[in-house]
Amino acid sequence: MLSLHTLRSTIRSSRRLGHLHITSPSLRRQHTTMSSPLPHTPLNHFLREARTDFLANAAHSSAPLRVVMGNEAGDLDSLVCAIAFSYLSYHRDSKAQRWYPLVQTERQDFKLRAENQLALKTCLIDEDHIISLDDWTRTVQSEEAPEIALVDHCKLAARWKPDLTVKAVIDQ
């Protein structure tokens, strides 16, 4: 499996042309030969369960909803940090209430982040298992204010309700 550092060093985003250049021959082969559905991996399974649970229970959970989110750009480091925080928190104490990883991007806009799509495919993660911003807006209607962990940024954007409780901040 490729490390995130290796993945980042082999991807060069071309803003002028609006598409992704894959400079590593092995990554280029891997990217073009991967097919759907992706195989079962522990992380992919975890994310599928998390999204399913989020969609089923977020609207009527008795406990405060706990969400970890990256910055508004929805870039690769935000995506990775939110997933890692959620996954590691769960494996540290699987009986504790789950932290749901949220990417602050509408599902239809996932395609605009080619580096995210490539990283997910490379790690054998189905992007349909990622909790998106539109999942949040159509699901979360709880009276209780959700608890938030921020990764890759330190302040909630203005669009979020002021009653959200920030429980953790992890930023460089």
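Here, the structure is the one placed above.
Residues numbered from 1 in each chain as written. Predicted model: local features only at pLDDT ≥ 70, side-chain atom pairs only at ≥ 80, totals over all residues. Heavy atoms only, no water.

Asker: Quick rundown of the overall build of the protein chain? Include the residues and the values.
Answerer: Across its full length, the protein chain carries six helices and six strands. When the elements of the protein chain are put in sequence order from the N terminus, they spell out α-β-β-α-α-β-α-β-α-α-β-β. Counting only residues that meet the buried cut, the protein chain has 41% of its 172 residues in that class. Counting only contacts in the protein chain whose residues sit at least 6 apart along the sequence, the fraction spanning at least 24 positions is 71%. For the protein chain, the computed accessible surface area is about 9800 Å², with 52% contributed by carbon and sulfur atoms. (Helix = DSSP H or I, 4+ residues; strand = E, 2+ residues; numbered from the N terminus. Buried < 20%, exposed > 50% of the residue type's maximum accessible area, 1.4 Å probe, protein only. Contact = heavy atoms within 4.5 Å. Areas by Shrake-Rupley, 256 points an atom, 1.4 Å probe, with all protein chains shown as cover.)

Asker: Got a sec to walk through the pattern of salt bridges? Specific residues and values, please.
Answerer: Summed over the entire model, instances satisfying the criterion amount to six salt bridges. In this structure, R51 and D135 form a salt bridge, with 2.9 Å as the shortest nitrogen-oxygen distance. One end of the pair, R51, is in helix α3 (residues 42-57); the other, D135, is in helix α6 (residues 133-139), and 84 residues separate them in sequence. Here R51 and D135 have matching classes, each one buried. (Salt bridge = Lys/Arg side-chain N within 4 Å of Asp/Glu carboxyl O.)

Asker: A description of the sheet that holds strand β5 (residues 147-151) should follow, citing residues and the corresponding values.
Answerer: The four strands lie next to each other as β4-β3-β5-β6, forming an open sheet whose pairing is parallel. Lying at the two open borders of the sheet, with one neighbouring strand each, are β4 (100-102) and β6 (165-170). Strand-to-strand twist in this sheet, taken as the mean axis angle between neighbours without regard to direction, amounts to 25 degrees. Bridge count between strand β3 (residues 66-69) and β5: four bridges; the pairing is parallel. (Pairing = 2+ DSSP bridges. Axes fitted to C-alpha atoms, helices over the stretch in contact; angles between N-to-C directions.)

Asker: Residues and numbers for the nonpolar core, please.
Answerer: Counting residues in each nonpolar core, the largest one holds 17 residues, and the members touching the most others are F54, L65, V67, W136 and W160. Of all the secondary structure elements, the ones that give two or more residues to this core are α3, β3, β4, α6 and β5. (Core = buried A, V, L, I, M, F, W, Y, C linked by side-chain atoms within 4.5 Å.)

Asker: Which residues make up the environment of I130, and what values do they have?
Answerer: Note that I130 resides in the loop between α5 (114-122) and α6. Between the alpha carbons of I130 and A50 there is a distance of 8.6 Å; along the sequence they are 80 residues apart. Once residues within four sequence positions are removed from consideration, I130 is found in contact with L47, R51, L79, I83, V103, R107, F110, L120, I125 and D135.

Asker: Would you mind going over the pairing of β3 in detail, with residue names and values included?
Answerer: Residues in a regular strand point their side chains to alternate faces of the sheet. Side chains R66 and V68 project from β3 onto one buried face, and the interleaved V67 and M69 project onto a second face that is buried too. Looking at chain direction, β3 and β4 are connected through three bridges and run parallel. Opposite V67, over in β4, you have Y100 as the bridge partner.

Asker: Explain helix α4 (residues 76-92) to me, and be specific about the residues and the numbers.
Answerer: Count 3.6 residues to each turn of an α-helix, and residues three or four apart come out pointing the same way. A rise of 1.5 Å per residue sets the reference length of α4, with its 17 residues, at 24 Å; its end C-alpha atoms lie 24 Å apart and thus fit the reference within 8%. For α4, the full list of buried residues reads L76, S78, L79, A82, I83, F85 and S86. (Expected span 1.5 Å × (residues − 1).)

Asker: Talk me through the packing of aromatic side chains; I want residue IDs and the actual numbers.
Answerer: Applying the stated rule across the entire model yields four aromatic pairs. Centre to centre, the rings of F46 and Y90 are 5.4 Å apart; their planes meet at 50 degrees, and the pair counts as tilted. Placement of the pair is F46 in helix α3 and Y90 in helix α4, with a sequence separation of 44 residues. The class of F46 is buried, set by a relative accessible area of 3%. (Phe/Tyr/Trp six-rings, centres within 6.5 Å; stacked < 30°, edge-to-face > 60°.)

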